[in-house]
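Here are the chains, one letter per residue:
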Amino acid sequence: MAKDVAAKKTAANDAAIEASRGHFSSKIGFIMAAAGSAVGLGNIWGFPTKVAENGGAAFLLIYLLMVFVLAFPMLVAELAIGRYGQGNPIASLRSVWQGKRWAPLLWGGLAMLVASLILSFYSIVAGWLIAFAAEPVFSGLGLMEQAGWLTEFSTARNASMAVIFSLLTIWVVSQGVADGIEKWSTRLMPLLFVLFAGMIVYMMTLDGASQGLTTYLVPDFSQVDARLLVDAMGQAFFSLSLGVGAMMVYGSYLKKDVNLPKVATQVAIIDTSVAFAAGLLVIPAMFVAKHNGVEIFNDAGDLISSGDLVFQVLPALFDTMGASGPFIAVIFFVLMMIAALTSSISLLEVPVSCAQDELGMARKTSSWVIGLAIIVISLVICLNFGTLFGLVVDFTTVYMQPALGIIWALVVGWVWHRNELLHELQQGNPELAQGWFWKIWPWYVRFVCPVAIAAVIFVSVS
Ligand code: TRP
């Protein structure tokens, strides 16, 4: 009862700020939207690819460690900065960094650029999802040539699909927060879970699956090296949408009566479960595909870890399903496309919200101007795929995201006044000061996060 009253009071106090901005209309709406941002290609494409590249279960274990030891504390930090500032990342940083004009602009601006670069390659991979969703439809209509074009790697295919996906993203973002993001995220995620579960169960009945299961779940620690560490850290930051201010933006749309550490935990658990399930699906599926004659290993016996491995393995799995295969393939790729869309909109939201507030641009204008500029970058990457794609992915996700994470950790740990921070987190969590979270997290973010992130980056480049 007393809690209710207190919550209502806080809500009333904040009504003035909240009225001026769009907010998530419900807690579950936020969790679904933030989980929607987190769950995407990082889970179904990035994670299994990295597991395959790094030899299986050892990567899985280190990844789990990175999520809970480094990424989760940073998720709370980013959400807190955003909700405190109630603005775009630059504005939110400015309100934490009182009196500083250039630092928030510099770091917020850098975050914005990295977000845009991530979106530029994200659209290309998401475009592949569109192609693979359309392929069974074209085959079904007997349009074999077109179907072949869709699934075959080519500059024209990559570029046109990336443009289609980008236009979808721009369109959703230009519609605004509440009806854009929330509506998409809340409805379809559960369906994706169910489909995953069904596919995993089915796949376990196929020859070769058990060998994949062993690779995925029985660790070989001789595989652990500096590259694996930095890959796992980058993957954790990527999967939880950290570093570039996306979670700051989402935090800023969050009401003051929400318990931040709790929703952050929920989001991290949902995201990690989906990644784990995707690995459970894709890694054994590789071995099933191998059993069925698809080339998965090179002559040296290593998994071929090309960027589109997942897109060879899953269609091969659908092929084993007989008549129902094409239908399941369409449903799967469409749902994945929507999951990718709820992620890409959170990426575009970063520069768009900055332009909207800082430059006073209308949402529609800033969505289109920035979105079209990002399409141009995507096209440049498509035209130089061999040289640029891997480079941009590595530069942004493996290095820049964690590096920006160091900055946010320093801001929260050293710049933000401890009492202000406590007050921010206490809203929605009145007992916070007595609990273990508050005993550990502030010094953890202050010392452990920056040092550990820097150390991992350092060992990997030295
Ligand atoms: N986390 C998303 C995924 O796993 C991608 C994503 C959305 C992202 N927003 C982000 C990655 C911000 C980095 C930063 O697919």
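None of the values given here were measured: they were computed from a predicted structure. (Residues numbered from 1 in each chain as written. Predicted model: local features only at pLDDT ≥ 70, side-chain atom pairs only at ≥ 80, totals over all residues. Heavy atoms only, no water.)

Of regular secondary structure, the protein chain possesses 19 helices and 0 strands. For the protein chain, the C-alpha radius of gyration of 22 Å lies close to 23 Å, the compact-globule estimate for 462 residues. Oriented by its inertia axes, the alpha-carbon framework of the protein chain measures out at about 60 × 50 × 50 Å. Looking at the protein chain as a whole, 56% of its 462 residues qualify as buried. (Helix = DSSP H or I, 4+ residues; strand = E, 2+ residues; numbered from the N terminus. Rg over C-alpha atoms; globule rule 2.2 N^0.38 Å. Buried < 20%, exposed > 50% of the residue type's maximum accessible area, 1.4 Å probe, protein only.)

This paragraph deals with the site of the ligand. Taken together, 18 residues lie near the ligand, and Ala38, Gly42, Tyr122, Phe238 and Gln401 sit nearest. At a separation of 3.1 Å, a nitrogen atom of the ligand approaches a polar backbone atom of Ser239. Ser241 is positioned with one of its side-chain polar atoms (N or O) 3.0 Å from a nitrogen atom of the ligand. Computed on the free molecule, the ligand has an accessible area of 370 Å², of which 100% lies beneath the protein chains in the complex. Listing elements by their share of the shell around the ligand, those giving two or more residues are helix 2 (27-38), helix 3 (41-53), helix 6 (102-140), helix 11 (226-239) and helix 15 (325-358). Taken together, the residues that form the shell around the ligand break down as 9 nonpolar, 9 polar and no charged. (Near = heavy atom within 4 Å. Polar contact = N/O pair within 3.5 Å; in protein donor to acceptor, adjacent residues only side chain to side chain. Areas by Shrake-Rupley, 256 points an atom, 1.4 Å probe, with all protein chains shown as cover. Nonpolar A, V, L, I, M, F, W, Y, C, P; charged D, E, K, R; others polar.)

Another point: the environment of Leu347. Inspection of the secondary structure puts Leu347 in helix 15. Residue classification places Leu347 among the buried residues on the basis of a relative accessible area of 9%. For the pair Leu347 and Tyr122, spaced 225 residues apart in sequence, the C-alpha to C-alpha distance is 9.5 Å. Dropping the residues within four chain positions of it, Leu347 is found in contact with Ala115, Ile118, Leu119, Tyr122 and Val244. (Contact = heavy atoms within 4.5 Å.)

On the surface, Leu410, Trp414, Val415, Trp436, Ile440, Trp443 and Phe447 cluster together into a nonpolar patch covering about 730 Å² of accessible area. Only helix 17 (385-415) and helix 19 (436-461) provide two or more residues apiece to the nonpolar patch. Counting residues per element, the nonpolar patch draws most heavily on helix 19, at 4 residues. Along the chain, Ile440 turns up in helix 19. According to the relative accessible area criterion, Ile440 is partly exposed, its value standing at 37%. (Patch = residues over 30% accessible without salt bridge, like charges linked within 9 Å, V, L, I, M, F, W, Y side chains within 5 Å. Salt bridge = Lys/Arg side-chain N within 4 Å of Asp/Glu carboxyl O.)

Glancing now at the side chain of Asn54. Structurally, Asn54 is set in the loop between helix 3 and helix 4 (57-85). A polar contact is formed between the side chain of Asn54 and the side chain of Asp231, at a distance of 3.4 Å. Those residues in contact with Asn54 that sit more than four places away from it in its chain are Phe59, Gln223, Leu228 and Asp231.

Okay, the packing of aromatic side chains next. Tallying each qualifying case throughout the model produces 26 aromatic pairs. Between Trp128 and Phe311, the aromatic rings sit 5.4 Å apart at their centres with planes inclined by 80°, giving edge-to-face as the arrangement. Here the residue Trp128 occupies a position in helix 6, and Phe311 occupies one in helix 14 (residues 310-319), the gap between them amounting to 183 residues. Across this residue pair, the class does not change: Trp128 and Phe311 are buried. Plain terms: the ring middles of Phe311 and Phe333 are 6.5 Å apart, the flat faces sit at 15° to each other, and that makes the pair stacked. Of this pair, Phe311 sits in helix 14 while Phe333 sits in helix 15, and the two are 22 residues apart along the sequence. Given a relative accessible area of 7%, Phe311 falls into the buried group. Its relative accessible area of 3% is what places Phe333 among the buried residues. (Phe/Tyr/Trp six-rings, centres within 6.5 Å; stacked < 30°, edge-to-face > 60°.)

The next point concerns the pattern of salt bridges. The tally for this structure, following the rule as stated, stands at 7 salt bridges. With its nearest N and O atoms 2.7 Å apart, the salt bridge here joins Glu424 to Arg83. With Glu424 in helix 18 (residues 418-426) and Arg83 in helix 4, this residue pair connects regions lying 341 residues apart in the sequence. Note on accessibility: Glu424 and Arg83 belong to one class, buried. Note that Asp394 is salt-bridged to Arg227, the shortest N-O span being 3.3 Å. Of this pair, Asp394 sits in helix 17 while Arg227 sits in helix 11, and the two are 167 residues apart along the sequence.

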